[in-house]
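Now for the letters of each chain:
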Amino acid sequence: MNVDPKRIFQKCIDLWGETSQILMAVEELNELSIELLHALRANKPFNIDRIIDETADVDLMIDQLKFIFSISDEDLSKAKEKKIQRLKEIIESEQRLGE
């Protein structure tokens, strides 16, 4: 069964509205952050399946945000490349300081 994600995203917006979907993205981000906090706690075992599940939810919501705000894959890739380049520069700077 082939499902067109954009068609599903539009149906979500039609049914619940853009504001609701943006709030849902925030909720899913918070749920992932909670699972990650649980993973960092020394006294509480983490559940990798829950982390995978929440990561999938966040990934889907990011796709919906891209749809809502008309963010192209190309624009997102360019922004990510800039972020990676900046991270590389920070790492190199930190390594020079440590020498």
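Here goes a summary of the coordinates provided. (Residues numbered from 1 in each chain as written. Predicted model: local features only at pLDDT ≥ 70, side-chain atom pairs only at ≥ 80, totals over all residues. Heavy atoms only, no water.)

### Focus: the overall build of the protein
Helix and strand counts for the protein come out as four helices and zero strands. Counting helices and strands in the order they occur from the N terminus, the protein gives α-α-α-α. A compact globule built from 99 residues would reach a C-alpha radius of gyration of about 13 Å, whereas the protein, at 18 Å, exceeds it by more than 25%. Principal-axis analysis of the C-alpha atoms places the extent of the protein at approximately 55 × 40 × 30 Å. Put simply, the protein has 99 residues, and 16% of those count as buried. Long-range pairs, those at least 24 residues apart, make up 60% of the contacts in the protein between residues at least 6 apart in sequence. (Helix = DSSP H or I, 4+ residues; strand = E, 2+ residues; numbered from the N terminus. Rg over C-alpha atoms; globule rule 2.2 N^0.38 Å. Buried < 20%, exposed > 50% of the residue type's maximum accessible area, 1.4 Å probe, protein only. Contact = heavy atoms within 4.5 Å.)

### Examining the packing of helix α1 (residues 5-16) against helix α3 (residues 48-68)
Running from amino to carboxyl end, α1 crosses α3 at an angle of 80°, the nearest separation of the two axes being 10 Å. By the angle between their axes, α1 is roughly perpendicular relative to α3. In this structure, α1 uses Lys6, Phe9, Gln10, Cys12 and Ile13 to contact α3, whose residues at the interface are Leu60, Asp63, Gln64, Phe67 and Ile68. (Axes fitted to C-alpha atoms, helices over the stretch in contact; angles between N-to-C directions. Parallel < 35°, antiparallel > 145°, perpendicular 65-115°, else oblique.)

### Thoughts on α1
For α1, which comprises twelve residues, the first-to-last C-alpha distance of 16 Å matches the rise-based estimate of 16 Å (1.5 Å per residue) to within 8%. The set of residues buried in α1 consists of Phe9, Cys12 and Ile13. Summarising the axial view, the buried residues of α1 lie within an arc of 95°, below the 170-degree limit, and thus occupy one face. Facing away from the buried side of α1 by over 90 degrees, the exposed positions are Arg7, Asp14 and Leu15. Residues of α1 that are buried make contact with α2 (18-40) and α3. Taken from the residues just after α1, glycine 17 is the one with a positive phi, measuring 95°. (Expected span 1.5 Å × (residues − 1). Arc of directions from axis to C-beta.)

### What to know about the pattern of salt bridges
Working definition: two side chains of opposite charge can pair if their charged atoms are close together. Enumeration over the complete set of coordinates arrives at six salt bridges. For aspartate 63, the salt bridge is made with lysine 66, and the minimal N-O distance between the two is 3.9 Å. In this pair, aspartate 63 and lysine 66 are both assigned in helix α3, three residues apart and thus about one turn of the helix distant. Glutamate 89 is the salt-bridge partner of arginine 86, the closest N and O atoms lying 3.7 Å from each other. Of this pair, arginine 86 and glutamate 89 both sit in helix α4 (residues 73-98), three residues apart, roughly one helical turn. (Salt bridge = Lys/Arg side-chain N within 4 Å of Asp/Glu carboxyl O.)

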